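Descriptive structure summary
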Amino acid sequence: MKKNILLICITLFLITKGFAQDKKVAVVGFYTDKIINFSDLDIGSEELIASVLKLRDNPDFDLTPILEQFHEEFFNTYAKKFPFDLLPEADVATNAEYIAFNPKYDKDEDELKRYVVYDGYKYIYEGFAGKDNEIATAKIFSDKADGVMFVEIHFALQKGFGIGGTATVKMRAFARIALYDKTGKKVFAISEGENSKKTSVMVGGIPVMKTEKILPMCESALQQLMKDLEKRLPKVIKKADKL
């Protein structure tokens, strides 16, 4: 009798799990930003702004390998923790409606310099006042997916220890993962951040913005963030059951 009850429980569990995994989500945005935020430093001099823009335009400041690391972790590790399957990326990248879609708050060529968009995706704004884009992309994939997901990474300098205009700085990596159902209604949006182990310095109140200093800090911050996300993700995506 006990064996029969156990078999029934296992069968029901497998059936329930099977139904849950029948749900699919299309990832429609995957990018990072080359503009390094510095609001935590409480300074906004013309010199610092010029350094941030110079870094953005520097071809050596290439965030593509970092984005690729996060992409690999996202699809090979995090995706397995979701209570749904992700639509194959090729199905998104080759979708004619997606390719032709002109999102609200579209960027021109100069504005797009700040973004590194993963191959096959397009820059689509999501978030505050982004309802039109969320509804439109959900509609594009409504026949194949139960929802759409946007993934983005950002970096920001964090002030450390110091006196006066001389102090240490760290880099903080932020990841935003937002899920919307097939009507464009938000299911969840999580934002997680972690600081780099690597540090740099501010001299005369201005942080060193050389590529050889900033890039390793970005990579270090992302490594810490990926470790953190792997631990926290199962708890924070519980709302995905509402999809």
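These remarks concern the structure in this document. (Residues numbered from 1 in each chain as written. Predicted model: local features only at pLDDT ≥ 70, side-chain atom pairs only at ≥ 80, totals over all residues. Heavy atoms only, no water.)

1. So, the side chain of Glu73
Tracing the backbone shows Glu73 in helix 3 (residues 64–76). One buried charged side chain, Glu73, makes no salt bridge at all; its nearest oppositely charged neighbour is Lys81, positioned 8.2 Å away. The residues contacting Glu73, other than those within four sequence positions of it, are Tyr78, Met226 and Glu230. (Helix = DSSP H or I, 4+ residues; strand = E, 2+ residues; numbered from the N terminus. Buried < 20%, exposed > 50% of the residue type's maximum accessible area, 1.4 Å probe, protein only. Lys, Arg positive; Asp, Glu negative; His and termini not counted. Salt bridge = Lys/Arg side-chain N within 4 Å of Asp/Glu carboxyl O. Contact = heavy atoms within 4.5 Å.)

2. Let's talk about the packing of aromatic side chains
For the coordinates displayed, the defined rule picks out 18 aromatic pairs. With centroids separated by 5.0 Å and ring planes inclined at 10 degrees, the aromatic side chains of Phe82 and Phe84 adopt a geometry described as stacked. Side by side, Phe82 and Phe84 carry an identical accessibility label, which is buried. Among the aromatic residues, those joined into a ring-pair cluster are Phe30, Phe70, Phe74, Phe75, Tyr78, Phe82, Phe84, Tyr118 and Tyr121. The ring centre of Tyr98 lies 5.8 Å from the NZ or CZ of Lys122, which sits over that ring. (Phe/Tyr/Trp six-rings, centres within 6.5 Å; stacked < 30°, edge-to-face > 60°. Lys NZ or Arg CZ within 6 Å of the ring centre and 35° of its normal.)

3. Comments concerning a negative patch on the surface
On the surface, Asp60, Asp62, Glu68, Asp119 and Glu212 cluster together into a patch of negative charge. Residue position: Glu212 is located in helix 7 (residues 211–236). By relative accessible area, which is 58% here, Glu212 ends up exposed. (Patch = residues over 30% accessible without salt bridge, like charges linked within 9 Å, V, L, I, M, F, W, Y side chains within 5 Å. Areas by Shrake-Rupley, 256 points an atom, 1.4 Å probe, with all protein chains shown as cover. Charge placed at Lys NZ, Arg CZ, Asp CG, Glu CD.)

4. Structural notes on the packing of helix 3 against helix 7
Look at helix 3 against helix 7: their axes get within 10 Å of each other, and the N-to-C directions meet at 10 degrees. On the basis of their axis angle, the class for helix 3 and helix 7 is roughly parallel. Contacts from Ile66, Gln69, Phe70 and Glu73 in helix 3 reach Leu215, Cys218, Glu219, Leu222, Gln223, Met226, Leu229 and Glu230 in helix 7. Here the residues of the contact of helix 3 with helix 7 are counted per class, giving seven nonpolar, two polar and three charged. (Axes fitted to C-alpha atoms, helices over the stretch in contact; angles between N-to-C directions. Parallel < 35°, antiparallel > 145°, perpendicular 65-115°, else oblique. Nonpolar A, V, L, I, M, F, W, Y, C, P; charged D, E, K, R; others polar.)

5. Things to note about helix 3
If you check helix 3, its first and last C-alpha atoms are 18 Å apart, about what 13 residues at 1.5 Å a residue would give, namely 18 Å. Of all the positions in helix 3, only Ile66, Leu67, Phe70, His71, Glu73, Phe74 and Phe75 are classed as buried. (Expected span 1.5 Å × (residues − 1).)

6. Quick notes on unusual backbone geometry
Look at Tyr105: it is not a glycine, yet its phi comes out positive at around 65 degrees. By the secondary structure assignment, Tyr105 is in the loop between helix 5 (96–100) and strand 3 (115–117). For Ala129, which is not glycine, the phi dihedral falls at a positive 65 degrees. Residue class for Ala129 comes out partly exposed when judged on its relative accessible area of 41%.

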